[in-house]
Amino acid sequence: MDVLWMAPPLLLLFPLLMWTSSTFVYYFKKCFYVAWMMVLALLAIPLCILKSGGRDVENMRVIRSLVRHVKYFLGLRFDVSGWEHLQTEGPYVIISNHQSSLDVLGLMEILPDRCTMIAKKELIYAGTVGLICWLGGIVFINRKKTSDAKSVMIDAAKTMLDDQIRLWVFPEGTRNQKGDLLPFKKGAFHLAVQAQVPIIPVVFSSYSSFYLRKQKQFNSGTIRLRILPKIETKGLTCDDIPSLSDKSFNLMRSSFLSISNSVPQSNGPCKH
Ligand SMILES: CCCCCCCCCCCCCC(=O)SCCNC(=O)CCNC(=O)[C@H](O)C(C)(C)COP(=O)(O)OP(=O)(O)OC[C@H]1O[C@@H](n2cnc3c(N)ncnc32)[C@H](O)[C@@H]1OP(=O)(O)O
Ligand SMILES: CCCCCCCC/C=C\CCCCCCCC(=O)OC[C@@H](O)COP(=O)(O)O
């Protein structure tokens with residue numbers, strides 16, 4: 001009978017235990033993030049339509065200002081350096097590594113005016129977020145059809161110059177949390193060379209100190225964001241794309257490793 005007395009305090013303790021359980025925090029933060037972004041997008045839709053009357057890169061100002069507080073809810077901080085490198089007139093291509101949808105928070109932290117992104121076309125179906133991406137002028141590509149993706153990017157190079165737009169590209173082409181960068185795809189470099197505009201590399205430090213998908217952990221943490229000096233492409237041609245891509249990759253990789261305090265995952269212990 002005595003044991004029954006313990007039931008009410010245990011029942012009260014249960015939510016507390018749940019709350020402190022790191023798995024619960026992980027799922028809660030992830031669900032909150034998606035749901036809150038959906039709500040913010042819903043708020044942004046009428047604001048963007050009122051501001052620009054439809055799809056326009058200027059809507060990114062509205063989206064940027066609505067998203068900037070989200071980091072506080074998730075316990076994230078950004079330590080940004082290299083702001084001066086974004087003080088470049090006219091169009092340019094920003095390239096950055098891509099670890100998770102959380103990259104959107106860092107992106108909005110430093111997003112320059114008149115800058116939009118290249119994204120996979122599936123994103124347009126993400127409910128209110130999809131619609132706000134369209135209103136923000138995001139350029140959608142079909143990754144399954146190289147010829148389509150290429151022709152959309154060739155058009156984008158022309159639009160960049162005609163409308164003085166900057167484009168943010170994730171040259172790895174997909175999300176990656178392997179503790180290293182994936183080899184770069186060439187689209188971003190073709191884009192910059194075709195438009196003859198500079199490339200500004202941006203590096204996000206590894207999220208592995210606070211966000212671990214496999215272990216279901218999502219703690220508080222600081223993300224170091226490094227804006228690197230621009231790489232000029234004036235006078236470069238198609239033939240220079242491989243070396244331009246390699247140069248960018250090497251610069252970003254060494255910056256990533258130095259700000260992440262991590263070593264790439266090896267395939268096992270060294271053999272002597
Ligand atoms: C409030 C709520 C707010 C919400 C805000 C939300 C913000 C959202 C943020 C959004 C975040 C969303 C983030 C995301 O969604 S990330 C996913 C989408 N982004 C990308 O995939 C971008 C990176 N990918 C590329 O650049 C690829 O190269 C593409 C996709 C273009 C093709 O890839 P694919 O794998 O099919 O082919 P390949 O790379 O092997 O290339 C094949 C050949 O073609 C050549 N080639 C390539 N390109 C060009 C070109 N332009 N002109 C001439 N030639 C070109 C190339 O040199 C190669 O030839 P060669 O060298 O072998 O001879
Ligand atoms: C009714 C449809 C509901 C869909 C719900 C999903 C909506 C997501 C909502 C909020 C998340 C906030 C920001 C979304 C921006 C995500 C950009 C992103 O990270 O896309 C992934 C893409 O770069 C690479 O894709 P893959 O790694 O190749 O796969």
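Residues numbered from 1 in each chain as written. Chains lettered and ligands numbered in written order. Predicted model: local features only at pLDDT ≥ 70, side-chain atom pairs only at ≥ 80, totals over all residues. Heavy atoms only, no water.

This is how it is decided: UniProt positions are given in the numbering used here, feature names are shortened, and annotations may be inferred rather than shown by experiment.
As recorded in an unreviewed UniProt entry, the chain goes by 1-acyl-sn-glycerol-3-phosphate acyltransferase and comes from Eleginops maclovinus. Checking UniProt for the chain, the heading Pathway (unreviewed entry) contains the comment "Phospholipid metabolism; CDP-diacylglycerol biosynthesis; CDP-diacylglycerol from sn-glycerol 3-phosphate: step 2/3."

## Some words on the nonpolar core
Heads up, the condition is: Put simply, buried Ala, Val, Leu, Ile, Met, Phe, Trp, Tyr and Cys residues joined by side-chain atoms within 4.5 Å make one nonpolar core. Residue burial is assigned from relative accessible area. The probe radius is 1.4 Å, only protein chains are included, and a residue is buried under 20% of its type maximum, exposed over 50%, and partly exposed in between. Elements are defined by DSSP. Helices are runs of H or I of four residues or more, strands are runs of E of two residues or more, and each kind is numbered from the N terminus. Every residue pair with non-hydrogen atoms within 4.5 Å of one another is taken to be in contact.
Of all hydrophobic cores here, the largest spans 47 residues; its most connected members are L105 and W168. With eight residues, helix 2 (residues 22–52) is the largest single contributor of residues to this core. Setting aside chain neighbours within four positions, we find W168 in contact with I94, S96, L107, I110, L111, C115, T116, M117, I118, V202 and F204. Membership of the second largest hydrophobic core comes to 33 residues, among which are V139, F184, A192 and F256.

## Description of the site of ligand 2
Rule in force here: Nearness is judged by heavy atoms alone; a residue qualifies as near a molecule or strand once a single heavy atom is within 4 Å of it. Polar contact criterion, stated in full: a pair of N or O atoms within 3.5 Å, where within protein one must be able to donate a hydrogen and the other to accept it, and residues adjacent in sequence count only if both atoms are side-chain atoms. Per-residue and other accessible areas follow the Shrake-Rupley method at a 1.4 Å probe size, with only the shown protein chains counted as cover for residues. In this count, Pro and Cys sit with the nonpolar residues alongside Ala, Val, Leu, Ile, Met, Phe, Trp and Tyr, while Asp, Glu, Lys and Arg are called charged and the others, Gly among them, polar.
Neighbouring residues of ligand 2: 15 residues in total, closest H98, K120, R143, T174 and R175. H98 places a polar side-chain atom, nitrogen or oxygen, 2.5 Å from an oxygen atom of ligand 2. For ligand 2, whose free accessible area comes to 760 Å², the fraction covered by protein is 69%. Among the elements of the structure, helix 2 and helix 6 (127–135) are those that each provide at least two residues to the shell around ligand 2. No other element matches the four residues that helix 2 contributes to the shell around ligand 2. Per-class residue counts for the shell around ligand 2 are eight nonpolar, four polar and three charged.

## Re the site of ligand 1
If you check the shell around ligand 1, you find 28 residues, and the closest are K120, T146, K185, G187 and H190. One nitrogen or oxygen atom from the side chain of K185 is found 2.7 Å from an oxygen atom belonging to ligand 1. Relative to its free-state accessible area of 1,300 Å², ligand 1 is covered by the protein chains to the extent of 79%. For the shell around ligand 1, the elements supplying multiple residues, two or more each, are helix 2, helix 3 (59–67), strand 3 (115–120), helix 6, helix 7 (146–163) and helix 8 (187–195). Here the shell around ligand 1 is built from residues that sort into 17 nonpolar, six polar and five charged.

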